[in-house]
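Residue-level structure breakdown
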Amino acid sequence: MMPVAMLLGGVCYSLFSRLSFLTPYLIFTMLSLTYCNLALRRVRLVPLHGWLIGIQVAGSVAVYWLLRPLGEVLAQAGMICVLAPTATSAPVITRLLGGNVESLTTYSLLCNAVVAVLAPAWFSLVGARGEEVSFVESFLGIGRQVGVLLVLPFVLGLAVQRVWPGVVNRARTFSNISFCLWSIALTVVSANIVSFILAQDAGHYRQEVAMAACSFVICVGQFVVGRRLGRRCGETIAGGQGLGQKNTILAIWMAQTYLNPLSSLGPGTYVLWQNIVNSFQVWRKSRRGESRKGKG
């Protein structure tokens with residue numbers, strides 16, 4: 001379903017891009033349903049979170065300086081693909097894959113808070129347009145982009161657990177609903193990305209191809225590193241999703257606001273790569289489940 005959603009959004013981009021206003025509502029609903037089954041006692045910081053945030057922050061610096069000789073725009077595109085916080089929808093995919101949603105939720109909250117604080121300072125250090133905006137304005141701007149979609153569903157999910165405890169027993173139904181909503185959101189997001197790419201100046205096609213290739217390498221690399229670290233801590237899926245699945249909508253906004261606007265093509269293509277990876281992971285889990293049923 002996920003590849004079909006991406007293909008449908010890409011082919012019919014002119015139609016589905018008009019529905020972009022629905023994306024926040026879809027993500028809010030998905031997260032609220034997912035958090036209804038959250039075990040609050042398991043939401044706590046673990047060593048894995050420290051490793052992931054360290055790699056994310058240090059990795060963004062390293063990628064920027066490594067790519068800078070190849071061009072400032074490419075360096076900024078690679079940097080933002082690493083620095084971008086975990087996607088607000090990552091808990092939904094983590095639950096579909098059978099991962100530790102509580103661990104991923106904890107890291108998502110931590111990661112977004114750290115990026116909101118560090119990003120404005122980092123943008124000013126690289127000589128980006130972020131120096132034209134005060135730290136407080138930058139912090140509040142980034143915070144507004146993620147606060148509502150992270151905190152409110154979390155609070156709502158915990159409230160539902162207390163008011164309607166029986167709702168927790170409907171976990172599987174909620175997972176199915178969340179997946180359907182995610183497929184719709186993916187169609188809309190894919191349409192937006194295609195529209196965004198086609199709207200760019202054709203004269204920069206070499207840079208565009210370079211940024212797309214760079215974001216692909218970074219995407220796969222982050223999923224691999226995250227999963228390997230997670231495996232050592234017994235949280236393979238949460239590690240991979242925490243480091244690999246990015247809030248690309250926020251990343252595009254940050255790039256267009258604080259960096260060279262053309263660098264936003266990096267996270268713009270990253271969303272396609274990360275969803276191809278997620279599609280493969282969901283398909284592989286489904287195949288394994290069918291294999292086990294067959295053996296049973």
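Definitions and limits used
Every chain is numbered independently, its residues counted from 1 as its sequence is written. This being a predicted model, a pLDDT of at least 70 is required before a residue's local features are given, and a value of 80 or more before pairs of side-chain atoms are given or counted; all residues contribute to the totals for chains, interfaces and linings. Only hydrogens and water are set aside when side-chain values are computed; all heavy atoms of the structure are taken into account. Starting at the N terminus, helices and strands are each numbered in turn, a helix being any DSSP run of H or I of at least four residues and a strand any DSSP run of E of at least two. Each residue is assigned to one of three classes by its accessible area relative to the maximum for its type, calculated with a 1.4 Å probe on protein chains only: buried under 20%, partly exposed between the two thresholds, exposed over 50%. Residues are treated as being in contact if the distance between any of their heavy atoms lies within 4.5 Å. The Shrake-Rupley method, run with a 1.4 Å probe sphere, supplies the accessible areas, and residue values consider only the shown protein chains as cover. By convention in this document, the label disulfide applies to cysteine sulfur atom pairs within 2.5 Å. Any two of the Phe, Tyr and Trp rings considered here, Trp counted by its six-membered ring, make a pair once their centres fall within 6.5 Å; the pair's planes then place it as stacked at under 30 degrees, edge-to-face at over 60, or tilted in between. Within this analysis, patches are made of residues with over 30% relative accessible area and no salt bridge. Like charges are joined at 9 Å or less; nonpolar side chains (Val, Leu, Ile, Met, Phe, Trp, Tyr) at 5 Å or less. Definition used for salt bridges: Asp or Glu carboxyl oxygen within 4 Å of a side-chain nitrogen of Lys or Arg. Nonpolar cores were defined as sets of buried Ala, Val, Leu, Ile, Met, Phe, Trp, Tyr and Cys residues, with membership established by side-chain atoms within 4.5 Å.

Re the overall build of the protein chain
The number of helices and strands found in the protein chain is 13 helices and zero strands. Each of the 296 residues in the protein chain was classed as buried or not, and the buried ones make up 51%. Taking all contacts inside the protein chain whose residues are at least 6 apart in sequence as the whole, residues at least 24 apart take part in 82%. When the accessible surface of the protein chain is totalled, it reaches about 14,000 Å², and 66% of it is carbon and sulfur.

Topic: the state of the cysteines
The final tally for this structure, using the stated rule, is zero disulfides. Residue Cys219 stays outside any disulfide, its sulfur separated by 8.6 Å from that of Cys81, the closest cysteine.

Thoughts on the packing of aromatic side chains
Where two aromatic rings form a pair, the distance of their centres and the angle of their planes describe that pair. For the structure on display, the rule yields three aromatic pairs. Judged by centre distance (5.2 Å) and plane angle (80°), the ring pair of Tyr64 and Trp65 falls under edge-to-face. In this structure Tyr64 comes out as buried when scored by relative accessible area, which is 1%.

Some thoughts on a nonpolar patch on the surface
Residues Leu19, Phe21, Leu22 and Tyr25 make up a contiguous nonpolar surface patch of about 400 Å² in total accessible area. Tracing the backbone through its elements, the reader meets Tyr25 in helix H3 (residues 23–35). The class for Tyr25 is exposed, based on a relative accessible area of 58%.

Notes on the nonpolar core
Counting 40 residues, the largest nonpolar core has Phe123, Met211, Ile218 and Met254 as its most contacted members. Among the secondary structure elements, those contributing two or more residues to this core are helix H4 (47–67), helix H5 (72–83), helix H7 (101–125), helix H10 (205–232), helix H12 (248–258) and helix H13 (265–295). Per element, the largest residue contribution to this core is nine residues, and it comes from H5. Not counting chain neighbours up to four residues away, the residues in contact with Met211 comprise Val73, Leu74, Ala77, Leu262, Ser263, Leu265, Gly266 and Thr269. Core analysis: the second largest hydrophobic core is formed by 21 residues, Val92, Phe154, Trp182 and Ala185 among them.

Considerations on the environment of Leu110
Here Leu110 is to be found in helix H7. For Leu110 and Leu45, which are 65 residues apart along the polypeptide, the C-alpha to C-alpha distance reads 8.9 Å. Contacts of Leu110, omitting those with residues within four sequence positions, involve Leu45 and His49.

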